[in-house]
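The lines below spell out each chain.
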Amino acid sequence: MNTQINELEPAQRAATPEKSDGGKTEHFDVIIVGAGISGVGGAYHLTKQCPGTSFVILETQESFGGTWLTHRYPGIRSDSDLYTFGYRFKPWIGAPIATAAEILAYMGEVIEENDLGRHIRYRHKINSAQWSSSDNLWTVEAVRTDTGKLVRFSANFLWMCQGYYRHSRGYTPEWPGMDKFKGRVVHPQTWPEDLDYKDKNVIVIGSGATAATIVPAMAADTRHITVLQRSPTYFIPARNENELANTLRDLQIDESWIHEIVRRKILHDQAVFTRRSFTEPEVVKQELLAGVRAYLGPDYDIDKDFTPRYRPWQQRIAFVPDGDLFKGIVAGKASVVTDEIDRFTESGILLKSGKLLEADIVVTATGFNMNVLGDIAFVIDGKPLIFADTVTYRGMMFTGVPNLVWVFGYFRASWTLRVDLIADFVCRLLNHMKLIGAKKVTPALRPEDKDMPLLPWIDPENFNPGYLMRVVHLLPKRGNKPEWQHTQDYWREKDILPAIDLDDPVFVYEGFEQWNARVSPPSRPI
């Protein structure tokens, strides 16, 4: 049975890393943390925009892929289109919504085509990262999960690409009576390989993209599968193909052109949709509900099961390719129950309405445990770092934390869009530091920022999923100015981030000595 993880993780605790076994400290100009979609993308840009820069990617898992490697539940697929979730430099050829296997194959091609594999150290779990101002270096200690050996690395710059949740364990609330349930309780994030659900009654608790993925993938094999939700989620059901891409292929347009044209069209449409969700939320709401009604028919109680209490885009909207979730409901293999859990019983779940749902298996698609920079114990000049005491610079750097960037993507657009943008920024910053001979850069509030109100990481009126609200008190603060917050606005950031003035007083440069890596002139990639 799942239990809650203590919210006070190593990143928030004072910790002294264990002593290494006396082995050498390997030095690199840059350490990239994580070989998922962010880390692989960052490595590509580093090789292209900062040639000669030495770097290593430290990855906890046994292979690359991050989410697409660790999540192995039935039907695992993207909930963003691959024309924008894919990298800008690598055309996506295939259906917009892709399986985990297809995404891993795509990432594998990026690694192979650009000789990135030699830079990746798998099974390296980072325990601590210590910054020394006297040396202007990060020292990272990790344990090899295959041998248990402690290893040490040093670097001028730390590029955090590890994502924002714990891969090891998902979030499952503690409901009364869970210990009495005779069946099996599983979380999608730690899906057991031996789970047999054929001809079983299955309950999936949750209403988001994970539930919308699992249910159609399992429905045909189960006796019946029920989505049990406390409140509904918005869905966009649509065909899993892109007509513009198909037309351009019929015209034998080069795939790189197709990728860019389709990508721009999708981003244009998403910008319009996002803007309308703020300016005319009721109209957008009715459009979304009409899309569901088109599959379920006029007699289905849409108001009860598919009409959220919040406005569109206040939480993430799940895409349902080809309406597969709704087809299962129409076929009678799946159903939706909107109610609250009173308690688990030996044979299922008793709802507050008094209804008993019988189950052999309960899947808790109830979200994940967000972490703060990989739950790594960070120390700055001997003092444990509390990230909640810092202020974020554009959702990627933090006041008082030198030579570090965190990749935190978008909620309303594909994560990878920000991977590319931040990679451009990091490479431009590294090149600038080499050019001026600085070894250290630390974001700092300017005099005009000193009295700025400090607010939670994100405005809950803007975006408020449970996984974020549970840990928002552990995240860095934001200010009331765009540069001191993660605006979650790709359509503005795509112009703003490339134009950041690296000589702005926000950036405090120190340690004016040349790095060993070869200097590349600053550039602004297209």
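Treat the numbers as computed from the prediction; the structure is a model and nothing was measured.

Reading the values: the criteria
- Residues numbered from 1 in each chain as written.
- Predicted model: local features only at pLDDT ≥ 70, side-chain atom pairs only at ≥ 80, totals over all residues.
- Heavy atoms only, no water.
- Helix = DSSP H or I, 4+ residues; strand = E, 2+ residues; numbered from the N terminus.
- Expected span 1.5 Å × (residues − 1).
- Buried < 20%, exposed > 50% of the residue type's maximum accessible area, 1.4 Å probe, protein only.
- Contact = heavy atoms within 4.5 Å.
- Core = buried A, V, L, I, M, F, W, Y, C linked by side-chain atoms within 4.5 Å.
- Pairing = 2+ DSSP bridges.
- Axes fitted to C-alpha atoms, helices over the stretch in contact; angles between N-to-C directions.
- pLDDT = per-residue confidence, 0-100.
- Patch = residues over 30% accessible without salt bridge, like charges linked within 9 Å, V, L, I, M, F, W, Y side chains within 5 Å.
- Areas by Shrake-Rupley, 256 points an atom, 1.4 Å probe, with all protein chains shown as cover.
- Salt bridge = Lys/Arg side-chain N within 4 Å of Asp/Glu carboxyl O.
- Parallel < 35°, antiparallel > 145°, perpendicular 65-115°, else oblique.
- Nonpolar A, V, L, I, M, F, W, Y, C, P; charged D, E, K, R; others polar.
- Disulfide = S-S within 2.5 Å.

Asker: I'd like a description of helix α1 (residues 37-49), backed by residues and values.
Answerer: The end-to-end C-alpha separation of α1 is 18 Å, in line with the 18 Å expected for 13 residues at 1.5 Å each. Counting buried residues in α1 gives 11 out of 13 residues, a clear majority hidden from the surface. Within α1, the full set of buried residues consists of I37, S38, G39, V40, G41, G42, A43, Y44, H45, L46 and Q49. Where the residues of α1 are buried, they touch β1 (25-33), β2 (55-58), α3 (82-85), α4 (100-113), β6 (150-160) and α11 (415-436).

Asker: Give me the lowdown on the nonpolar core, citing residues and values where you can.
Answerer: Grouped together as the largest cluster of nonpolar side chains are 144 residues, with contacts concentrated most on L158, W159, Y164, F378, F425 and F507. Sorting elements by how many residues they give to this core places α11 first, with 12 residues. Setting aside chain neighbours within four positions, we find F507 in contact with Y393, M397, F425, V441, T442, I500, D501 and L502. Counting 15 residues, the second-largest nonpolar core is a separate cluster that includes M178, I349, L351 and A359.

Asker: Please provide a residue-by-residue account of the sheet that holds strand β16 (residues 356-358), values included.
Answerer: The sheet built from three strands is open, its strands ordered β14-β15-β16 with antiparallel pairing. Sheet topology places β14 (341-344) and β16 at the edges, where each strand pairs with a single neighbour. Averaged over all adjacent pairs, the angle separating strand axes in this sheet is 25°, with direction ignored. Sheet topology places β14 next to strand β15 (residues 348-351); three bridges connect them, and they run antiparallel. Of the residues in β15, the one forming a bridge with I341 is L351.

Asker: Describe the confidence of the model for the protein, listing the residues and the values that go with them.
Answerer: Looking at the protein, pLDDT values average 91 and 93% of them are 70 or higher. Below pLDDT 50 for its whole length, residues 1-20 participates in 49 contacts with residues either more than four positions away or in separate chains. A low-confidence stretch, residues 514-526 (pLDDT under 50), is modelled with 33 contacts involving residues beyond four sequence positions or located in other chains.

Asker: Provide a residue-level description of a nonpolar patch on the surface, including the pertinent values.
Answerer: Taken together, the side chains of L244, W257 and I261 define a hydrophobic patch exposed on the protein surface, amounting to about 300 Å² of accessible area. Along the polypeptide, I261 turns up in helix α7 (residues 255-279).

Asker: Give me the lowdown on the sheet that holds strand β10 (residues 224-229), citing residues and values where you can.
Answerer: Here we have five strands laid out as an open sheet, ordered β8-β17-β9-β10-β13, and parallel in their pairing. Two strands lie at the open edges of the sheet, namely β8 (184-186) and β13 (334-338), each paired on one side alone. Across the sheet, the mean angle from the axis of one strand to that of its neighbour is 20°, orientation sign disregarded. Pairing of strand β9 (residues 201-205) with β10 involves five bridges; the strand directions are parallel. Pairing of I205 across the sheet is with L228, part of β10. Each of β9, β10, β13 and β17 (361-364) is contacted by helix α5 (residues 209-218), which is oriented at about 165° to β9, the strand it contacts most.

Asker: Hey, could you go over the packing of α7 against helix α8 (residues 281-296) for me, with residue numbers and the actual values?
Answerer: Where α7 meets α8, the closest approach of the two axes is 5 Å, and the angle between their N-to-C directions is 120°. Here α8 runs oblique to α7, going by the angle between their axes. Every residue of α8 that contacts α7 at F273, R276, S277, F278 and T279 is listed here: P281, V283, V284, E287 and L288. Considering only residue class, the contact of α7 with α8 consists of six nonpolar, two polar and two charged.

Asker: An account of the state of the cysteines is needed here, citing residue identities and associated values.
Answerer: The full count for this structure, using the stated rule, is zero disulfides. The structure places no disulfide on C161, whose sulfur is separated from the nearest cysteine sulfur, that of C427, by 11 Å. Classification of C161 as buried rests on a relative accessible area of 5%. Of all cysteine sulfurs in the structure, the one in C50 sits closest to C427, which takes part in no disulfide; the separation is 3.9 Å.

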